[in-house]
Amino acid sequence: MVRQIVVEGFDNCMRTTEENKNSNVYILFSSSKVNGKSWCPDCVVAEPIVEECISKKSDDTVFIFCGVGDREFWKNASNPFRTDSRLKLKSVPTLLKWGKPKRLEENQCADKELVAMLLEED
Amino acid sequence: MPPIDGSDGLKAMIEDLVNKNRVMIFSKSACPYCLKAKDLFKSINVEYHAVELDKLDNGPAIQDTLQAMTGQRTVPNTFINGKHLGGYDSTLKAKENKTLEVMLDGESYDYDLVVIGGGSGGLACAKEAVKHGVKVACLDFVKPSPQGTTWGLGGTCVNVGCIPKKLMHQASILGHSIEDAKSYGWELKDEKVKHNWETMKNAIQDHIGSLNWNYRVELRSKEVTYQNSYGEFIDKHKIKCTNKRGKVQEMTSRYFILAMGGRPRYPDIPGCKEYCITSDDLFSLPYAPGKTLCIGASYVSLECAGFLTSLGFDVTVMVRSILLRGFDQQMAEEIGKYMADHGTKFIRPCVPVKIERLEEGQPGRYRVTGKMQDGTEVVDEYNTIVVAVGRDPCTKGIGLDTVGVDVDPKTGFVLASDGEQTSCPNIYAIGDVLKGRPELTPVAIQAGRLLAKRLFTSATLKCDYVNVPTTVFTPLEYGAIGMPEEVAIDKFGQGDIEVYHSHFLPLEWTLPHREENVCYAKLICVKSLKEKVIGLHVLGPNAGEITQGFTIGIKLGATKADFDNAIGIHPTCAEIFTTMNITKNSGVDISVSGC
């Protein structure tokens, strides 16, 4: 069963991965909504595609949708999403499997086949 | 567009012509492009049938019908085997990217190219081929090693070769650097610095995992079909693909490229396959190997022995006869001497006889019995035994005999022309499966790229297998381009060879007082060819970086005078090649001390 968890910010995201460390954890890092609107057009395109692929998974899976803050926060090169050695994010959207060297960036997240490939078992 | 009066009859007539003639050209007698199109078919000895529309009363009506049928009004309007090709430009383009051949052939296949093997060569070839608009699939399947190790897409280099090897070599170099650091003023609190195998192994495997993933993303993005399947030829255009769940699928292709690479060979002695590991297993070994025996004197064996020794393990190398067969033997012996001086033990000349397990565990404990050349038996115990006595090409069990691809009956290497074509004309081979070619990643990549270009464009450039540079990443690195000294003497005669040589001391080694007279460089020149340099050999730190740059000079035919005329960069190791003035013949002492 897929459990979807929506979190905001780095600390909440890391806490949630820790709480679910015994499951397969996937995280989509995406722009936070400001007044209900996303500031990142690529994220808007990717989100429904990733969600559709995720909903097809049946095994013990946790999917974290993590907002990385507003544009100004994200663009700051020293924000923890960019600097933390476990993440080292370069762009949003980024979809990754937690603890594995598999990730998709930007418009790759909107490619259904690539997303399905990332969600495959190792 | 509304039907033109009588066009149904004309359409039937056109279809009849198109179906009856392998090449059908609707033409006008005075049109220069029509003449060019006809000349093109004449130049490749292909017969065509032409209808000159300007000579027919209903010519304009035929032209109208052709436009309705093909969307093309202009002439020439060419059809091949019933399929519309287009005008002169389309015909020329089809000739250049080889699709004309395919159309003339009349056969249709699932793919234009199927590459068997997703290693460096196979991937490079597949990615190059799709650039030219053809349909490509790549099969990759890793049979687990006898110890059960398996890995992802990318082949030997990425998973169990160059990449993890160089990273472990780097781990060992860093250990030495930590020692050197004290001489440079770094005060290390903990005098005994320890190495953690698992941390290194995990970091390396993570990096490899990201490379495997990126290759898959790349293939998908470039629209190369990737199949994690084992391929077996059914006929020369058809292959059976079996995935790890046993699911079978068939694919047809116009061309195939064999790029399966090789795997480590096990000597046929009791206990070897059961208890020994190879380079296939070492780089992902979940536990520190402990006391280790490396069997063989290949570069793989010496590199593994080298970094394991530097990481603090008790390491022995069992050598049958010479070190680094095929490499310059003076350099090989120098490498062995340096390793022995730095703690690696050598048993030679000696061959293994049997291996017994004394204790299971991670690592376990094994007894190895060897026989010295004089018949003396040597017995010792080890925790890990790494076999590195050579590699065999993966050419068995894929149906090469079915399709008539000739292989060397003794070794299994594929025999191919200088354009990598095998004895089955639509099947080619690149990389480590080829007989008599250097088994090196960049060679396979180059051959793969150039082959794809030749197959699908008008390119003609073939891979140049001469003067391929390489480096052995032993603790003291050894870089080489061109001939070993003994090969040069054999080819040109002792009297025509001049060898310039010198020891050198890296500046960085002076403060920690590392040993003098171990780093060494030599240039092998042919006197009768104005001292053209036909061999460059260097033993020292970063030998790979030194050797790479000089490759261009050697390929361009540089002479000793050209080297003398080059200005050095000071202070570097590579600058030694610009100032070499002592010949081996002179017998002058080449030892150095300080700058």
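First things first, this report covers the structure right here in the doc.

Thresholds, definitions, all that
Residues numbered from 1 in each chain as written. Chains lettered and ligands numbered in written order. Predicted model: local features only at pLDDT ≥ 70, side-chain atom pairs only at ≥ 80, totals over all residues. Heavy atoms only, no water. Buried < 20%, exposed > 50% of the residue type's maximum accessible area, 1.4 Å probe, protein only. Helix = DSSP H or I, 4+ residues; strand = E, 2+ residues; numbered from the N terminus. Arc of directions from axis to C-beta. Contact = heavy atoms within 4.5 Å. Buried area = accessible area lost by both parts, 1.4 Å probe. Salt bridge = Lys/Arg side-chain N within 4 Å of Asp/Glu carboxyl O. Polar contact = N/O pair within 3.5 Å; in protein donor to acceptor, adjacent residues only side chain to side chain. Nonpolar A, V, L, I, M, F, W, Y, C, P; charged D, E, K, R; others polar. Phe/Tyr/Trp six-rings, centres within 6.5 Å; stacked < 30°, edge-to-face > 60°. Lys NZ or Arg CZ within 6 Å of the ring centre and 35° of its normal.

## A word on helix H4 (residues 88-96) of chain B
Residues and elements named next belong to chain B.
- For H4, the set of buried residues is Tyr88, Thr91 and Ala94. The buried residues of H4 occupy an angular sector of 130° when the element is viewed end-on, so they sit on one face. Residues Asp89 and Lys93 are exposed on H4 and point more than 90 degrees away from its buried face.

## Concerning the interface of chain A and chain B
- Taken together, the contact pairs 10 residues of chain A with 8 residues of chain B.
- Both sides together, the interface formed by chain A and chain B hides about 880 Å², and carbon and sulfur atoms give 63% of it.
- If you look at where chain A meets chain B, you find 2 salt bridges.
- Our enumeration of links across chain A and chain B arrives at 3 residue pairs in polar contact (both at pLDDT 80 or more).
- For the side of chain A that touches chain B, the secondary-structure elements that each account for two or more residues are strand E7 (103-105) and helix H5 (112-119) of chain A.
- Counting residues per element, the side of chain A that touches chain B draws most heavily on H5(A), which supplies 4 residues.
- In terms of residue class, the side of chain A that touches chain B is made up of 5 nonpolar, 1 polar and 4 charged.

## Focus on the packing of aromatic side chains
- What the rule picks out here adds up to 14 aromatic pairs over all chains.
- Note on Phe29(A) and Phe81(A): the rings are 5.7 Å apart at their centroids and 70° apart in plane angle, and the pair reads as edge-to-face. Placement of Phe29(A) in strand E2 (residues 24-30) and of Phe81(A) in helix H4 (residues 80-83) is noted, with a sequence separation of 52 residues between them. For the pair shown, Phe29(A) and Phe81(A) are each scored as buried.
- Ring centres of Phe233(B) and Phe256(B) lie 4.9 Å apart, and the angle between their planes is 75°; on these two criteria the pair is classed as edge-to-face. With a gap of 23 residues between them, Phe233(B) in strand E8 (residues 229-235) and Phe256(B) in strand E10 (residues 248-258) connect regions that are remote in the sequence.
- Judged by its relative accessible area of 5%, Phe233(B) falls in the buried class.
- One aromatic cluster in this structure is built from Phe10(A), Phe29(A) and Phe81(A).
- Its end group placed over the ring of Trp74(A), Arg82(A) keeps NZ or CZ at 4.1 Å from the ring centre.
- Across from the ring centre of Tyr255(B), 5.5 Å away, lies the NZ or CZ of Arg254(B), which sits over that ring.

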